[in-house]
Every structure is written in C-alpha cells, then in structure tokens.
Amino acid sequence: AFGRFCQHRRVAKVASARAPFVRVMTSPVAAGQGLPVVTVTKIIDHSHLNADGMLSLSTLLKWMDITACLAAELHCRKMSVTISMDEVSFPAEEYGKVAVGQALLLRGQVNNAFNTSMEVGVLVTSEALGTGATATVCLAFFIFVAIDESGGKARVEPVVPVTFEEQHEFALAAERRKVRIKRRQVEKTMASRLLPSPPVSPVTLRGSAVRSSQFGSTSAARTSRRSWVGARAQETLQSMDTTQLVLPHHANHHGNTFGGQIMAWMAEFASILSSRQAKASLAGGRPAGAVQGHI
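Fair warning: this is a prediction, and the values are worked out from it, not measured in the lab.

**Q** Just to check I follow, could you spell out the packing of aromatic side chains for this structure?
**A** Centre distance and the angle of the planes are the two values used to describe a pair of aromatic rings. In the structure shown here, the tally under the stated rule is 1 aromatic pair. When the ring centre of F114 is taken as origin, the NZ or CZ atom of R177, which lies over that ring, is 4.5 Å away.

**Q** What is the right way to read a nonpolar patch on the surface from this model?
**A** Taken together, the side chains of V186, M190 and L194 present a nonpolar region at the surface, about 290 Å² in accessible area. Turning to its location among the elements, M190 is positioned in helix α4 (residues 164-194).

**Q** What should I look at first to understand the nonpolar core in this one?
**A** What tends to happen in soluble globular proteins is that the nonpolar side chains get buried as a cluster. In this structure, L60, M64, L104, M118 and V124 are the most contacted members of the largest nonpolar core, which totals 41 residues. Only β3 (37-43), α2 (57-76), β4 (79-91), β5 (103-113), β6 (117-127), β7 (134-147) and α5 (259-278) provide two or more residues apiece to this core. Examining the composition of this core, we find that 12 residues originate from one element, α2, more than from any other. The residues touching L60, leaving out its near neighbours within four places in the chain, are L55, F90, Y95, L104, V124 and C138.

**Q** What exactly am I supposed to notice about the pattern of salt bridges here?
**A** Side chains that differ in sign of charge can pair as their charged atoms come close. In the structure shown here, the tally under the stated rule is 6 salt bridges. Note that D86 and R180 form a salt bridge whose closest N and O atoms lie 2.6 Å from each other. Note that D86 is positioned in strand β4 and R180 in helix α4, a separation of 94 residues in sequence. Its relative accessible area of 10% is what places D86 among the buried residues. Overall, the relative accessible area of 6% leaves R180 in the buried class. The salt bridge involving R183 is made with D86; its shortest N-O contact spans 3.5 Å. Pair noted here: R183 is in helix α4 and D86 is in strand β4, with a separation of 97 residues, a long-range link. Salt bridges sharing partners connect three or more residues here, namely D86, E119, E169, R176, R180 and R183.

**Q** Before we go on, may I ask you to explain the environment of R177 in this structure?
**A** You can see R177 is positioned in helix α4. Those residues in contact with R177 that sit more than four places away from it in its chain are F114 and S117.

**Q** I'm lost on α4 in this one. Help?
**A** Each α-helix winds once per 3.6 residues, and so residues spaced three or four apart point in a common direction. Taking 1.5 Å per residue, 31 residues should reach 45 Å; α4 reaches 45 Å between its end C-alpha atoms and fits that length. Buried residues belonging to α4 abut β4, β5, β6 and β7.

**Q** What exactly am I supposed to notice about α5 here?
**A** Compared with an ideal rise of 1.5 Å per residue, which puts 20 residues at 28 Å, α5 spans 28 Å between its outermost C-alpha atoms and is within 8% of the ideal. For α5, every residue scored as buried is listed here: G260, Q261, M263, A264, W265, A267, F269, S271, L273 and S275. Following α5 by one or two positions, K279 adopts a phi angle in the positive range, close to 60 degrees.

**Q** Explanation requested: the environment of S84 in the structure shown.
**A** Following the sequence through the fold, S84 ends up in strand β4. You can call S84 partly exposed: its relative accessible area is 26%. Measuring from C-alpha to C-alpha, the distance between S84 and F142 comes to 5.8 Å, with 58 residues separating the pair along the chain.

**Q** Can you help me understand the pairing of β7 in this one?
**A** On a regular strand, each side chain points to the face opposite its neighbour's, so the side chains alternate between the two faces of the sheet. With 11 of 14 residues buried, β7 is to be regarded as a mostly interior element. Note: β6 against β7, 11 bridges, orientation antiparallel. What sits directly across from S126, in β7, is A135. Counting the residues in the hairpin turn of β6 and β7 gives 6 residues, including G132, whose phi is positive at 80 degrees.

Conventions we followed
Residues numbered from 1 in each chain as written. Predicted model: local features only at pLDDT ≥ 70, side-chain atom pairs only at ≥ 80, totals over all residues. Heavy atoms only, no water. Phe/Tyr/Trp six-rings, centres within 6.5 Å; stacked < 30°, edge-to-face > 60°. Lys NZ or Arg CZ within 6 Å of the ring centre and 35° of its normal. Patch = residues over 30% accessible without salt bridge, like charges linked within 9 Å, V, L, I, M, F, W, Y side chains within 5 Å. Areas by Shrake-Rupley, 256 points an atom, 1.4 Å probe, with all protein chains shown as cover. Salt bridge = Lys/Arg side-chain N within 4 Å of Asp/Glu carboxyl O. Helix = DSSP H or I, 4+ residues; strand = E, 2+ residues; numbered from the N terminus. Core = buried A, V, L, I, M, F, W, Y, C linked by side-chain atoms within 4.5 Å. Buried < 20%, exposed > 50% of the residue type's maximum accessible area, 1.4 Å probe, protein only. Contact = heavy atoms within 4.5 Å. Expected span 1.5 Å × (residues − 1). Pairing = 2+ DSSP bridges.

This is the structure we're talking about:
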C-alpha cells in the first residue's frame, strides 16, 4: 500500500470497507519545497474507545506511529524503523473531550534529517464536524532510521526548511537531538556508577517481537516489564508478565511487527499496572487533572 503513496505527488485515498474511517493525504515533496508532511484523518467510532469511554491511548499511539512512518519514508524513499518516541504531551482537558463522530487529524512532519535518522513531529488535533471547532489532542516526536536492502542503516538526504515556522522546527529538532545524546550519556554513566546491572529507566522492557513469517503465519512475542525504584521498594510495586501473539495484522507494510503496535501493548499494560498500583482507574492512561501532561 505504501508504494502507491510514493508513486504520486499528491494522494487522496479512502480505505476499503474494512476500515472506512481512514483517509490519508500526502503533501507534494520536492527539492526546495519545504519539510515533508503527511496528514492522516480518522473518524472516531466506538471501537476506538476504552472501558472509560475515552479515546484509547494505545489506538492513538498506533495511529501516530503510522503517520510518522509515512512521513519518514516519504522523505527518504526507504524502509524506516521507529527508534524512539519522546516528549509526548497531552493537554489533559482536551484529550478527554474527544468523542465518537469527531475527526482526528494526525499531521506528521519531518522536522530534520541527520546522517541516517530523522525526527518526525506528530501533531494530533480533533475536529467537531458539525461546528468546525478544533482542539489540540497530542504532540510527540519520533525518531526513525532509514534501512537499506541489506538491513543496515542508510544515509538520508537533508531536508530544506523554507518558511519561518519550518526553520524554527528545523533548529529545535537539532537541539532536541543534542539533548537526547546527552541524556543517553548521562543515563549510561549513572547506571554504571549506581548498580552493577541496573535498568536504564524506571520501566525495563525485556523480550522481542519477530517477523510473523518466521513461524508460519504467527509467532509469539514475550514481553516482561518491571517497575523499579530501588531494592528496598521492590515489594511494594506492581509487576506483570504478559505474552502477546504476533498475528499478521500486527505487521506493517514491510512484514514486521511495527513500533506502533508495540507501543500500544506497552500503553495497555502500563495502564493496568498503574491502575493496580493506585487502586483506582486512571482514565485509560491519560494524564489526569487540569495541567499539561507529559510521558
């Protein structure tokens, strides 16, 4: 399906009857025309809600990863894989107002391209179709790496910002890259000093997701996550092991389990763990309260 996006300078596609709520539009990209942009539009229905009647965070993360991947591959014209996602922010009040029948607009933009990686910003807004009122739902930044035919990293062409806004995002992406590199260095240094074999973050994820074709049509991906704040607090924290069966519909257009699906599984079980720990529902994992929330 992605090949059709790459063959046309502007594509407007309405999905098949299996997913009639999906509409994708891509902006024309050529040298000197600015930052590559992809917009994905979805209509919210009841299948997208969680047990609390709110937009499922796992569903939203999958859509955001797909949007970011389309933008990255539109720019580099190569297979791209998700390396990380950070600075996810939710205006808490607006997230809770997303309702059935509204349109969700996901805009993915390649803010900057480095040697083999790209930063893609994804802005999610909701639109009430009856009134045209819009609101910001979520903002996140994804890092993708281009992959060549042999499976190694591939070099990507630089992006050329044109407008003032694009130049601003281009510069901010370069600064965010410096922060990420510095953060990894600090985490590695602290981990080596504090514990012999420490986790590098409060939640450690162990396991793998493999190609669905390796074991016939399905394969099992075992995921374990442990909460960690120190040996003394271990007995007070919730933990859980889960096994997910990787099915064909979990694969992306390259036949691999895509990052958005893994993020969705992580969001679901993070919500379960946090709700158990708090002994209360946490509204499907969204930030609560009237303040800006960050993941």
